[in-house]
Amino acid sequence: MSGFDWSALLRVGVAGGLKPAEFWALTPAELVLVLGLEAVEKPLNRARLAELERMYSDMKGAP
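For clarity, every value in this text was computed on a predicted model and none was experimentally measured. (Residues numbered from 1 in each chain as written. Predicted model: local features only at pLDDT ≥ 70, side-chain atom pairs only at ≥ 80, totals over all residues. Heavy atoms only, no water.)

**A closer look at the overall build of the chain**
From N to C terminus, the chain includes four helices and zero strands. Out of the 63 residues in the chain, the part that is buried amounts to 8%. Surface summary for the chain: the accessible area is close to 5,700 Å², and the carbon and sulfur share equals 64%. (Helix = DSSP H or I, 4+ residues; strand = E, 2+ residues; numbered from the N terminus. Buried < 20%, exposed > 50% of the residue type's maximum accessible area, 1.4 Å probe, protein only. Areas by Shrake-Rupley, 256 points an atom, 1.4 Å probe, with all protein chains shown as cover.)

This is the structure in structure tokens:
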């Protein structure tokens with residue numbers, strides 16, 4: 001089973017000065033920031049939502 005290497009992520013957080021409780025309290029966006037990663041997905045704004053609705057509409061062919 002693949003997944004996150006939580007122990008490695010925790011080591012990065014602790015090495016960066018976070019206490020374990022602070023690490024586990026991070027939001028996904030904060031974790032990405034701490035790890036120095038860039039967001040892979042486009043932000044979900046009104047235009048992105050409209051784009052996704054067009055791409056995955058359950059009413060294909062409807063007016």
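Text resumes after the structure shown.
**Considering the packing of aromatic side chains**
Using the criterion set out here, one finds two aromatic pairs in the structure. Aromatic side chains Trp6 and Trp24 sit 5.6 Å apart centroid to centroid with 40° between the ring planes, which places their arrangement in the tilted category. With Trp6 in helix H1 (residues 6-15) and Trp24 in helix H2 (residues 20-24), this pair connects stretches of sequence that are 18 residues apart. Measuring from centroid to centroid gives 4.9 Å for Phe23 and Trp24, while their planes differ by 85°, and the two rings are edge-to-face. (Phe/Tyr/Trp six-rings, centres within 6.5 Å; stacked < 30°, edge-to-face > 60°.)

**Focus: the pattern of salt bridges**
Close approach of charged atoms lets side chains of opposite charge pair. Inspection of the entire model under this criterion finds one salt bridge. For the salt bridge of Glu51 with Arg48, the shortest nitrogen-to-oxygen distance reads 3.3 Å. One end of the pair, Glu51, and the other, Arg48, are both in helix H4 (residues 46-55), three residues apart, so they sit about a helical turn from each other. In this structure Glu51 comes out as partly exposed when scored by relative accessible area, which is 23%. (Salt bridge = Lys/Arg side-chain N within 4 Å of Asp/Glu carboxyl O.)

**Points about the environment of Trp6**
Looking at Trp6, the relative accessible area reads 40%, which means it is partly exposed. Beyond its immediate sequence surroundings of up to four residues, Trp6 is in contact with Phe23 and Trp24. (Contact = heavy atoms within 4.5 Å.)

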